[in-house]
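Breakdown of the fold
One letter stands for each residue in the lines below.
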Amino acid sequence: MKAVLNYRCIVIFIFINCNKKISLNFIHSIRHFFEIRGYDVSARFADRLGMRAANVRLFFIYISFVTVGLSFGIYLTLAFLLRLKDMIYTKRTSVFDL
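1. Some words on the overall build of the chain
For the chain, the count of helices and strands is two helices and zero strands. A buried classification covers 3% of the 98 residues belonging to the chain. Accessible area of the chain: about 9600 Å², with a carbon and sulfur share of 71%.

2. Considering the pattern of salt bridges
In the structure shown here, the tally under the stated rule is one salt bridge. A salt bridge links Arg44 to Asp40; the shortest N-O distance between them is 3.6 Å. Linking Arg44 with Asp40, this pair stays in helix 1 (residues 2-49), spanning four residues, or about one helical turn.

3. With respect to the side chain of Ser42
If you trace the backbone, Ser42 turns up in helix 1. With a relative accessible area of 8%, Ser42 lands in the buried category. In this structure the side chain of Ser42 is engaged in a polar contact, spanning 3.2 Å, whose partner is the side chain of Arg57.

4. Let's talk about a nonpolar patch on the surface
Side chains of Ile74, Leu78, Phe80, Leu81, Leu84, Met87, Ile88 and Tyr89 sit close together on the surface and give an oily, nonpolar patch of about 900 Å² of accessible area. By the element assignment, Tyr89 lies in the segment after helix 2 (53-88).

5. Quick notes on the packing of aromatic side chains
The final tally for this structure, using the stated rule, is four aromatic pairs. Aromatic side chains Phe33 and Phe34 sit 5.3 Å apart centroid to centroid with 75° between the ring planes, which places their arrangement in the edge-to-face category. When its relative accessible area of 40% is taken as the criterion, Phe33 is described as partly exposed. In textbook terms, an aromatic cluster arises when at least three aromatic residues are bridged by ring pairs, as seen for Phe45, Phe59 and Phe60.

6. Points about the confidence of the model for the chain
In this model, the chain carries a mean pLDDT of 77, and residues with pLDDT of at least 70 account for 69%. Counting contacts from residues 1-6, a segment whose pLDDT is below 50, to residues more than four positions away or on other chains yields zero contacts.

Parameters and conventions
Residues numbered from 1 in each chain as written. Predicted model: local features only at pLDDT ≥ 70, side-chain atom pairs only at ≥ 80, totals over all residues. Heavy atoms only, no water. Helix = DSSP H or I, 4+ residues; strand = E, 2+ residues; numbered from the N terminus. Buried < 20%, exposed > 50% of the residue type's maximum accessible area, 1.4 Å probe, protein only. Areas by Shrake-Rupley, 256 points an atom, 1.4 Å probe, with all protein chains shown as cover. Salt bridge = Lys/Arg side-chain N within 4 Å of Asp/Glu carboxyl O. Polar contact = N/O pair within 3.5 Å; in protein donor to acceptor, adjacent residues only side chain to side chain. Patch = residues over 30% accessible without salt bridge, like charges linked within 9 Å, V, L, I, M, F, W, Y side chains within 5 Å. Phe/Tyr/Trp six-rings, centres within 6.5 Å; stacked < 30°, edge-to-face > 60°. pLDDT = per-residue confidence, 0-100. Contact = heavy atoms within 4.5 Å.

Below you can see the structure in the form of structure tokens.
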């Protein structure tokens, strides 16, 4: 009985490890596919503009940081204006609070 249990454990262990290898290979192949296609887009765009692909990639990185910074700045400005509005327009509880 122990030999049968050990054999089943070994078969299950090999099956799990094979599935992990297959899934990791699949994930790496998908990542490789998108990396090749993604870098190809910036390279083609750089060829059209007549500049280096590294500069195009850096431009997109900088633009992403600028857009995040701008949206955060707009958020802080609107929060400040809402706080200011609440300080100016206070709700009066009765008519005699003039």
